[in-house]
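Residue-level structural notes
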Amino acid sequence: MKYKNLNLAFLYEIVVGFGCILSVAIWGQNGLATIALIALRPIILEKEQIKDEKNYFTLSYKILSSSIVIVAMLIIAIFIILNFVPHLIPKLPPRDKILFLLLPFFLMTHGVVGFMYNQKH
């Protein structure tokens, strides 16, 4: 089963991911609870049978691998900034909030990459 309107499903991921980033920035680790809104997506959006499984799973693989690469580059950039560029540390959020932002950032990135790939497909 897949969502009938993939663009809407990816936009929902973007909105929930961005909202979770904002709530973590405001409330700290307690704001991570807003990621639970992603659980409403199957209830809200319609599903349909997958007609061409090969193309669908190829698209899913491209989206997931691209999202993981982007988040991995973010983690490397954070590590470099925190360890080698000390004058930028005051401009970053506190270290404890940075780690809590990775999951919502991945969700938002997955939505953006999926939306872009779905436009081409």
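Residues numbered from 1 in each chain as written. Predicted model: local features only at pLDDT ≥ 70, side-chain atom pairs only at ≥ 80, totals over all residues. Heavy atoms only, no water.

What to know about the overall build of the protein chain
Quick note on the threshold: Labels follow the DSSP assignment, with helices taken as runs of H or I lasting at least four residues and strands as runs of E lasting at least two, numbered in each case from the N terminus. Throughout this description, buried means an accessible area under 20% of the type-specific maximum (1.4 Å probe, protein chains only), exposed means over 50%, and partly exposed covers the range between. Any two residues having at least one pair of non-hydrogen atoms within 4.5 Å are treated as being in contact. Accessible surface is estimated by sampling points in the Shrake-Rupley manner with a 1.4 Å probe; for residues, cover comes only from the protein chains shown.
Across its full length, the protein chain carries five helices and two strands. In sequence order, the protein chain lays out its α and β elements as β-α-α-β-α-α-α. C-alpha atoms of the protein chain, sized along the principal axes, occupy 55 × 25 × 15 Å. The buried share of the protein chain, taken over its 121 residues, is 31%. When contacts within the protein chain are restricted to residue pairs at least 6 apart in sequence, long-range pairs at least 24 apart make up 79% of them. Just so you have it, the protein chain exposes about 8000 Å², and 70% of that area is on carbon and sulfur atoms.

Considerations on a nonpolar patch on the surface
The line we're drawing: Residues enter patches when their relative accessible area tops 30% and they take part in no salt bridge; the joining distance is 9 Å for like charges and 5 Å for the nonpolar side chains Val, Leu, Ile, Met, Phe, Trp and Tyr. Whenever a carboxyl oxygen of Asp or Glu lies within 4 Å of a side-chain nitrogen of Lys or Arg, that contact is scored as a salt bridge.
Residues Phe 18, Leu 22, Ile 26 and Trp 27 make up a contiguous nonpolar surface patch of roughly 460 Å² in combined accessible area. The residue Leu 22 is located in helix H1 (residues 6-27) in this model.

A short note on the packing of aromatic side chains
Under the convention used in this document: Each pair of aromatic rings taken from Phe, Tyr and Trp, with Trp reduced to its six-membered ring, is defined by centres within 6.5 Å and is described as stacked if the planes are under 30 degrees apart, edge-to-face if over 60, and tilted in the remaining cases.
Applying the stated criterion across every chain, the model contains two aromatic pairs. Measuring from ring centre to ring centre gives 5.4 Å for Tyr 56 and Phe 57, while their planes differ by 70 degrees; the resulting arrangement is edge-to-face. When the ring of Phe 79 is compared with that of Phe 84, the centres are 6.4 Å apart and the planes differ by 85 degrees; the resulting orientation is edge-to-face. Relative accessible area serves as the criterion here: at 59%, Phe 84 is assigned to the exposed category.

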